[in-house]
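Chain by chain, the residues run as shown.
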Amino acid sequence: MSIGVPREDPSDTMAAPPGAPIAPATAGSGSFWYLAARRLAAQRLAVAAAIVLGIIVIACVLIPIYSPYDYYTTHLDEIARSPSWVGGHILGTDPLGRDMLVRVMWGCRISLGVGVAASLVSILIGVAWGAVAGYAGGLVDGLMMRAVDILYSVPFVPFVIVLTVLFGRELWLIFVAIGAVSWLDIARIVRGETLSLKQREFVEAARVAGVRGSAMIRRHIVPNLMGIVVVYATLTIPTVILFEAFLSFLGLGVQSPMASLGSMVSDGAGEMQPHPYLLVVPAVLLSVIIICFNYLGDGLRDALDPRDR
Amino acid sequence: MLRYTLRRLVGAIPTLLVIATLAFFLLHAAPGGPFDSAKRIPPDILQNIQARYHLDEPLGLQYLRYLGNLARGDLGPSYVYRSTSVNQIVAQGLPVDATVGLTALALALLIGGAIGVNAAVRRSTGWDYVLMTLAVLGISLPVFVIAPLLILVFAIDLHWLPAGDWVVGSLSHLVLPAVALALPYIAYVARMMRASTIEVLASPFIRTAQAKGLPPRLVLWRHALRPTLTPMISFLGPAIAGLITGSIVVETIFGLPGIGRYFVTAALNRDYTLVMGITVLYGVLIIAFNLLADLCYAWIDPRVRLR
C-alpha cells in the first residue's frame with residue numbers, strides 16, 4: 001500500500017546544519033540493503049510473518065525425517081483417528097490410517113517447493129524480458145511489450161489445465177507451466193524500472209567506458225533491479241502456491257499418495273462431515289503460509305520498492 | 001471514441017488468433033486423442049468417425065477449417081457429447097456463470113467499497129486495523145477452503161441454504177456460490193478503495209470543501225466518492241473476466257452446470273473442440289471487458305485521453 005506512516009528520510013542527515021556533530025560513518029551504514037533491512041525490521045507484522053514462515057520451513061523439513069510414520073503407508077487398524085496428544089498421532093490419521101502430521105508436512109514441502117521454484121522460473125523470464133525490452137527501447141521494446149499485452153488477454157487458467165492434463169501430471173511440468181504464465185507482471189515492472197535506470201549517470205559512465213549490450217544489462221541494470229525483484233518474488237510465491245493448490249484441488253496437480261496442501265483440502269472437503277479436522281488442518285496451514293507471504297511481501301515493498309519513496 | 005473502439009476491436013483480432021492457434025496446436029501436439037478408449041473400436045468405424053470430424057485431414061487443413069468456422073462463430077461439434085455442438089453447451093452454461101459472476105461482482109463492489117471507505121475515513125484506528133486484517137485474510141483464503149466451510153456451516157449445520165445444485169431463478173441456490181466467489185474480491189476491492197480514498201481525501205479540493213464548512217458526510221459523498229471510483233473501473237475489466245473464468249472451483253464444489261465444470265471434464269476427455277471453444281470464449285470475454293473498462297474510464301474521467 002502506497003500510503004503509510006511517513007517514514008524518516010535517511011537523506012535528511014545530509015541537510016544537517018553546519019556545526020552539528022557528524023554521525024560516525026560506519027562502513028555500509030548507508031547501503032541500500034542495510035537501510036532496507038532496518039526499514040523491514042521496523043515492521044513487526046512482516047518480521048512475525050518471516051518468523052512463522054521460518055518455523056514452517058524447519059518443521060516441514062525435519063518432521064518427516066524424524067517421525068516414525070511416512071506419508072504413504074496405510075495402517076488399516078488406525079483409521080481416521082481424531083487429533084490427540086496420546087497415541088502418537090498429534091493431528092490424527094486420515095481414512096486410510098496415514099499420519100496427518102507427516103502428510104501435512106509433505107504438503108507444505110510440495111506447496112513451498114512449487115511456490116519458490118515456479119516463482120524463480122517466472123522471475124528469470126520476467127527480468128530477462130523486461131530488462132532487454134527496457135534497455136533496447138524502440139522497435140524491440142514495442143514488439144516485446146506488445147507480446148506481453150497479447151499474453152495478458154490469454155486465459156491462463158484453461159491453458160495450464162490443458163497443459164497439466166495433456167502432458168502428464170509431473171511436478172516439474174507444474175513448475176514450468178505456472179512459472180511460464182506468471183512472469184508478465186514482473187516483466188512490466190522491470191521494464192519500467194529499466195527505463196529510468198537507463199538514464200542514470202552510472203549507466204552513461206559505463207557506456208562511455210565501452211560496456212555495451214548484454215554486459216550492461218547483466219552487470220549494471222539487473223543488479224540495480226534486485227530490490228523490486230525481491231518484493232515481487234515474495235508476492236508471486238503466494239499466488240503460485242494458491243494456483244498449485246487450485247490445480248491439486250481439481251485433481252490435476254500432485255498425484256496420490258503424494259500429498260499437497262491443495263489435494264489434502266480437496267480430500268478433506270469430501271470427509272468434512274464426520275471428520276472436520278481433515279479439512280481444517282491443511283486449510284489452516286495453507287492459509288497461514290499465504291497470509292505470511294502476503295504480509296512479508298507488503299513489508300518488503302514498503303522497505304524496498306523505490307517507487308514508494 | 002468510435003474510432004478508438006474500432007481500432008481496439010481490430011487490434012483484438014491478432015490476440016484472438018494467438019489464443020486460438022496456441023490452443024489448437026497444444027491440443028494436437030498432446031499424446032492421445034478423443035477416441036482412444038478402453039473399448040477397441042473396429043478400424044473401419046474409427047475411420048468413419050475420424051472422417052466425420054475431419055480428423056483424417058492434414059493438420060494444416062484442420063487448422064484452417066477450424067479458423068474458418070471460428071470466424072463464423074461456429075465452435076464445432078463436441079467430440080464427447082455426441083450430437084451436441086460446443087455452441088449449445090456454451091449457450092447452456094454461460095447464463096449460469098453470468099448469474100453467479102455478476103452477483104458476486106455486485107457483492108464485491110458494495111461490501112468491499114463500504115469497507116474500504118470506512119477504513120479510510122477511520123484511518124489508523126482499531127477499526128481500520130481490524131478491517132484491513134480481515135481483507136488480508138480474504139485475499140489469502142482460497143475459494144476452495146472458504147466454499148466447503150460455508151457449506152459446512154450454512155447448509156449442513158444450520159440447514160439455512162442448499163449445499164449445491166442449481167435451480168433456475170432460485171435465490172437460495174445462488175447465495176452460497178456467489179458469496180464464496182465474491183469473498184476474495186470483496187477483500188481486494190476493500191484494499192483498493194481504502195488506498196484511493198486516502199489519496200483523494202488528502203487532495204486540495206477536499207480541503208477546500210472542508211474549509212468552506214461542509215459537513216464531513218457531504219464532503220465524502222458529494223466530492224470524494226467520485227474520484228475514488230476511477231481506479232476501481234480499470235480493475236473492473238479484469239475482475240469480471242476473472243470472476244467468470246475463476247468460477248471453475250465454485251462450480252465444481254457446488255455442482256453448478258456452468259461452462260467451467262465442462263471445461264475440466266472436457267480437458268480430461270480430450271474433447272478438443274470443447275476445450276478450444278471455451279478457451280477462445282474466455283479470451284473474448286477478457287478482451288471485451290477490458291475494452292469496456294477502458295471506455296468507461298474515459299467516459300467517467302474526462303482527463304483521460306484515448307489513444
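Shown above is the structure to which this text applies.
Definitions and limits used
- Residues numbered from 1 in each chain as written.
- Chains lettered and ligands numbered in written order.
- Predicted model: local features only at pLDDT ≥ 70, side-chain atom pairs only at ≥ 80, totals over all residues.
- Core = buried A, V, L, I, M, F, W, Y, C linked by C-beta atoms within 7 Å.
- Buried ≥ 20, exposed ≤ 12 C-beta atoms within 10 Å, placed from the backbone.
- Helix = DSSP H or I, 4+ residues; strand = E, 2+ residues; numbered from the N terminus.
- Contact = placed C-beta atoms within 7 Å.
- Axes fitted to C-alpha atoms, helices over the stretch in contact; angles between N-to-C directions.
- Parallel < 35°, antiparallel > 145°, perpendicular 65-115°, else oblique.
- Left-handed = near helix turned anticlockwise from the far one by under 90°.
- Nonpolar A, V, L, I, M, F, W, Y, C, P; charged D, E, K, R; others polar.

### What to know about the nonpolar core
Residues A:Val160, A:Val265, B:Ala180 and B:Val275 are the most contacted members of the largest nonpolar core, which totals 160 residues. Top element by residues in this core is helix α3 (residues 100-136) of chain A. It accounts for 18 residues. Excluding anything up to four places from it in sequence, B:Ala180 contacts B:Val143, B:Ile146, B:Ala147, B:Leu150 and B:Val250.

### Observations regarding the packing of helix α9 (residues 213-249) of chain A against helix α11 (residues 277-304) of chain A
Residues and elements named next belong to chain A. Running from N to C, α9 and α11 cross one another at 165 degrees; their axes reach a closest spacing of 8 Å. Classed by the angle they form, the pair α9 and α11 counts as roughly antiparallel. Two packed elements cross with a definite hand, and for α9 against α11 that hand is left-handed. Where α9 approaches α11, its residues Gly 227, Ile 228, Val 230, Val 231, Thr 234, Leu 235, Ile 237, Pro 238, Ile 241, Leu 242 and Ala 245 are matched on the opposing element by Leu 286, Ile 289, Ile 290, Phe 293, Asn 294, Leu 296, Gly 297, Leu 300, Arg 301 and Leu 304. For the contact of α9 with α11, the per-class residue count stands at 16 nonpolar, four polar and one charged.

### Quick word on the environment of B:Thr133
With respect to the helices and strands, B:Thr133 occurs in helix α5 (residues 126-140). In the structure, B:Thr133 is positioned 32 residues away from B:Asp165 in sequence and 33 Å away in space, judged by C-alpha atoms.

### Some thoughts on the interface of chain A and chain B
Contacts between the two partners involve 32 residues from chain A, matched on the other side by 36 residues from chain B. At eight residues, the largest contribution of residues to the side of chain A that touches chain B is made by α11(A). Of the residues contributing to the side of chain A that touches chain B, the split by class is 27 nonpolar, five polar and no charged.

### Here's the deal with the packing of α3(A) against α9(A)
The relative placement of two packed helices is expressed as an angle between their axes plus a distance between the axes. All names here are of chain A. Viewed as axis vectors pointing N to C, α3 and α9 meet at an angle of 140 degrees, and their least axial separation amounts to 7 Å. The pairing of α3 with α9 is recorded here as oblique in orientation. Pair α3 / α9 crosses with right-handed handedness.

### Points about the environment of B:Ile111
Residues and elements named next belong to chain B. Among the structural elements, Ile 111 can be located in helix α4 (residues 86-121). Among the residues examined, Ile 111 registers 18 C-beta atoms within 10 Å and is labelled partly exposed. Remark: the alpha-carbon pair of Ile 111 and Phe 144, spanning 33 residues in sequence, is separated by 21 Å.

### Section: helix α8 (residues 201-208) of chain A
Each α-helix turn comprises 3.6 residues. Residues three or four places apart therefore point the same way. Little of α8(A) is tucked away, with zero of its eight residues classed as buried. A positive backbone phi angle near 105 degrees is found at A:Gly210, which sits one or two residues after α8(A).

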